[in-house]
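Here are the chains, one letter per residue:
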Amino acid sequence: MTWVAAVARLRARRESGVLVTVATVRGHAPRDAGAKLVVGQTRAWGSIGGGNVEAVAIDRAREMIAAHKPDPELIDFALNDKVTHQHGVQCCGGTVQVLLEPLPVVRAVAIFGVGHVGLELARILARQDLDLHLIDTRAEILAEERLDVLADAAAQVHVHHTPLLPEEVLEELPRGTHVLIMTHDHAEDAALCDAALRTSHLGSIGLIGSAAKWVRFRKRLATEGGHDEATISRIKTPIGLADITGKEPATIAVSVAADLLRVFEAEGG
């Protein structure tokens, strides 16, 4: 398996890893600069030359995975018998510098309702490296020609057409997915809020709408849904930045995206 395919495999399985690259070589070494190795939690693909260099790099990569370390590292190796080796002696005579780059599990965002605001929000979030799930009950809203604006997305875009019960998609979403509820139907929004609160593996939950809408929803979630106040407080509404008050779809989308990116920054910290 090529290193590119290995990285894609880790991403598809939502597993973290580390990309190991021979950055520089001076003198003789087992591999030239540019050789790559992909390290996962239990497997590795490719090679940077075997021996002590590769074994130490794999050990350190797995330590980085376990610690969720976000920053890259450089490791220098002298390939002679005058230095301490953890996994046997390599006496090629040269020096090697190895770069370890973490491959974190990408974030996931689900937009329920891809109307005017939802589409504008998708256009912004599609520029980020994340898994973007678009869910709507209306087939025409998810038509290929309408979503053509996302054709050059950096994100991996997943489209879900759910004619009857969009809340069923919640269970299929990856762990930690941030959910944004903004459908065309308040009844649909209410059902999604209730279902989202019953889905324990989600990240943040955001609901678009007015204060009056939330008063009705909060009462219904407590009385009909049986949720306590602590559970209901998982839902953030209104969404977006409070000091951006414009009501144009593109303005709302920018506000919501900025607020969500702030959540991402907090997670990273």
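Shown above is the structure to which this text applies.
Note that the structure is predicted; figures quoted are calculated from it, not measured.

K.L.:
What is the right way to read the sheet that holds strand S11 (residues 235-236) from this model?
P.N.:
Hydrogen bonds between backbone atoms are what pair the strands of a sheet, whose relative direction is either parallel or antiparallel. The strand order S8-S7-S6-S9-S10-S11 describes an open sheet built from 6 strands, whose pairing is parallel. Since the sheet does not close on itself, it has two edges, and those belong to strand S8 (156-161) and S11, each with one partner. Across 2 bridges, strand S10 (residues 205-207) lies against S11 in parallel orientation. What sits directly across from Gly-206, in S11, is Lys-236. This element, helix H4 (residues 186-197), spans strand S6 (107-112), strand S9 (178-181), S10 and S11 of the sheet and lies at about 165 degrees to S10.

K.L.:
What is the right way to look at the packing of aromatic side chains in this model?
P.N.:
Ring pairs (aromatic) are described by centroid distance and by the angle formed between their planes. Under the definition given, this model contains 0 aromatic pairs. Over the ring of Trp-3 we find Lys-36; its NZ or CZ atom is 5.1 Å from the centre of that ring.

K.L.:
For this particular structure, what's the right way to read the sheet that holds strand S5 (residues 95-103)?
P.N.:
With antiparallel pairing, the 5 strands of this open sheet are ordered in space as S3-S2-S1-S5-S4. Bordering the open sheet on either side are strand S3 (44-46) and strand S4 (73-78), each of which pairs with just one other strand. Ignoring strand direction, the axes of neighbouring strands in this sheet form an average angle of 20 degrees. Taken together, the 6 bridges between S4 and S5 define a ladder with antiparallel strand orientation. Directly across from Phe-77, in S5, lies its bridge partner Val-96.

K.L.:
What is the right way to look at the pattern of salt bridges in this model?
P.N.:
Side-chain pairing between opposite charges can occur once the charged atoms of the two side chains come close. Enumeration according to the criterion identifies 16 salt bridges in this entry. The salt bridge involving Arg-218 is made with Glu-229; its shortest N-O contact spans 2.6 Å. Separated by 11 residues along the polypeptide, Arg-218 in helix H5 (residues 211-223) and Glu-229 in helix H6 (residues 229-232) bring together distant segments of the chain. Judged by its relative accessible area of 29%, Arg-218 falls in the partly exposed class. For Glu-229, a relative accessible area of 47% gives the class partly exposed. Via salt bridges that share partners, Arg-11, Arg-14, Asp-129 and Asp-131 belong to a single interconnected network.

K.L.:
Whenever I open this one, helix H7 (residues 249-268) confuses me. Can you help?
P.N.:
Helical periodicity: at 3.6 residues per turn, an α-helix aligns residues three or four positions apart in one direction. The end-to-end C-alpha distance of H7 is 28 Å, a good match for the 28 Å that 20 residues give at a rise of 1.5 Å each. Every buried residue of H7 is accounted for by Ala-253, Ser-255, Val-256, Ala-257, Asp-259, Leu-260 and Phe-264. Residues of H7 that are buried in the fold lie against S6, helix H3 (116-125), strand S7 (130-136), S9 and S11.

What counts, and where the lines are drawn
- Residues numbered from 1 in each chain as written.
- Predicted model: local features only at pLDDT ≥ 70, side-chain atom pairs only at ≥ 80, totals over all residues.
- Heavy atoms only, no water.
- Pairing = 2+ DSSP bridges.
- Helix = DSSP H or I, 4+ residues; strand = E, 2+ residues; numbered from the N terminus.
- Contact = heavy atoms within 4.5 Å.
- Axes fitted to C-alpha atoms, helices over the stretch in contact; angles between N-to-C directions.
- Phe/Tyr/Trp six-rings, centres within 6.5 Å; stacked < 30°, edge-to-face > 60°.
- Lys NZ or Arg CZ within 6 Å of the ring centre and 35° of its normal.
- Salt bridge = Lys/Arg side-chain N within 4 Å of Asp/Glu carboxyl O.
- Buried < 20%, exposed > 50% of the residue type's maximum accessible area, 1.4 Å probe, protein only.
- Expected span 1.5 Å × (residues − 1).

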